[in-house]
Structure formats: structure tokens, C-alpha cells
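Secondary and tertiary structure notes
Here is how the chains run, residue by residue.
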Amino acid sequence: MRFVLLIVLSALSLAVCAEPTVSVVRVLKSERKLQLWAGPQLLHEFPVALGSSPLGHKQQEGDGKTPEGRYVLDYRKADSAFYKALHVSYPNAQDLAAARARGVNPGGLIMIHGQKNGLGWLAFLSQRFDWTQGCIALRNEHMDILWRLMPLGTPVDIRP
């Protein structure tokens, strides 16, 4: 009987300690923060580095802007040039139409990623600057948390 009780209590403690699945990722560009939400509960908040010219919505390839709007995490890239990468579904249909109307390439390959491979130790410095080409960069240890908690299809809400 004690053995069965021990197994039941162990299983319950594991269930209580498990982190909930992320329901939305919110990026607050002006605050340089990425938040992980599970419904109304804020699970984590991390500092981020953005594109080299972060103000405003991404208009075209090479503009250094991080897009704004509602996207989804649509694939993972473990073999990226950066420490793990989660692809954001930019450009969406609206972004494509706007770029087409202006006669420009909207760009793409917007990722949430860690540091450049081999340079994670420099995060204490690199995360103080906006250095990406439009991506959202985190410290590698923060990227590990996203990688673990974000299923494919998770909404990514990028705000000014």
C-alpha cells in the first residue's frame, strides 16, 4: 500500500511541477522584451535584440526591421547558423500584398534565435545592441526555454 501511495504522490508532484505549454509569444519591440504566456499567466520574460533598424514594421528585404503583427511559429531549425532557431511566418498575405504594391521583395527568414554559433559567451555584450537583420535574438539559455515550451503553431504577436 505504501508503495502505491508513493507512486501516486510522485506522479502528482511531477504533474504539478510541469510548466504549461505556451499559448502565445508576445514581443514588445519598444521594450526589447519577449514574453511567454499560457492563457492569462505570464510564464517568462526575456530581453531581446532586434533588427538593426527596429522602429516600424518590416517593409522589404534588407531594411533591418523586425516585423510587427500576428504570425505563428511554423518550423524549427536546429542546424541554424545561430543557436537554435524558430521560424516566424513572416511574410503573411498582407505583407506580401503591401510589398508587391511597392514593387519590393518583402524579405523573409525571420527567426527567433539564440546567439551566433560559437559566440554565445558574448551575449552579455551583444544583447545590449540591435544587431540582427530583422530577427529576434535571445541569450542561448533563454532560447532553450522557448525551444522546450513552444509547440509548432504557437501564435507570435510582435508589437511596436
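This text follows the structure it describes.
1. Comments concerning the side chain of Ser 80
- Residue position: Ser 80 is located in the loop between strand S4 (69-77) and strand S5 (85-88).
- Since its relative accessible area comes to 13%, Ser 80 is described here as buried.
- In this structure the side chain of Ser 80 is engaged in a polar contact, spanning 3.0 Å, whose partner is the backbone nitrogen of Phe 82.
- Excluding anything up to four places from it in sequence, Ser 80 contacts Ala 85 and Asn 117.

2. Thoughts on the packing of aromatic side chains
- Inspection of the entire model under this criterion finds two aromatic pairs.
- Ring centres of Tyr 71 and Tyr 90 lie 6.0 Å apart, and the angle between their planes is 70 degrees; this geometry places the pair in the edge-to-face category. Linking Tyr 71 in strand S4 with Tyr 90 in the loop between S5 and helix H2 (93-102), this pair joins segments that are 19 residues apart in sequence.
- According to the relative accessible area criterion, Tyr 71 is buried, its value standing at 3%.
- Assessed through its relative accessible area of 2%, Tyr 90 is described here as buried.
- Where Phe 82 meets Trp 131, the ring centres are 6.0 Å apart and the plane angle is 35 degrees; that geometry is what we call tilted. With Phe 82 in the loop between S4 and S5 and Trp 131 in the loop between helix H3 (123-126) and strand S7 (136-137), this pair connects stretches of sequence that are 49 residues apart.
- Among the residues examined, Phe 82 registers a relative accessible area of 23% and is labelled partly exposed.
- One Lys or Arg, Arg 76, reaches over the ring of Trp 147 and ends 5.0 Å from the middle of that ring.

Rules used throughout
Residues numbered from 1 in each chain as written. Predicted model: local features only at pLDDT ≥ 70, side-chain atom pairs only at ≥ 80, totals over all residues. Heavy atoms only, no water. Helix = DSSP H or I, 4+ residues; strand = E, 2+ residues; numbered from the N terminus. Buried < 20%, exposed > 50% of the residue type's maximum accessible area, 1.4 Å probe, protein only. Polar contact = N/O pair within 3.5 Å; in protein donor to acceptor, adjacent residues only side chain to side chain. Contact = heavy atoms within 4.5 Å. Phe/Tyr/Trp six-rings, centres within 6.5 Å; stacked < 30°, edge-to-face > 60°. Lys NZ or Arg CZ within 6 Å of the ring centre and 35° of its normal.

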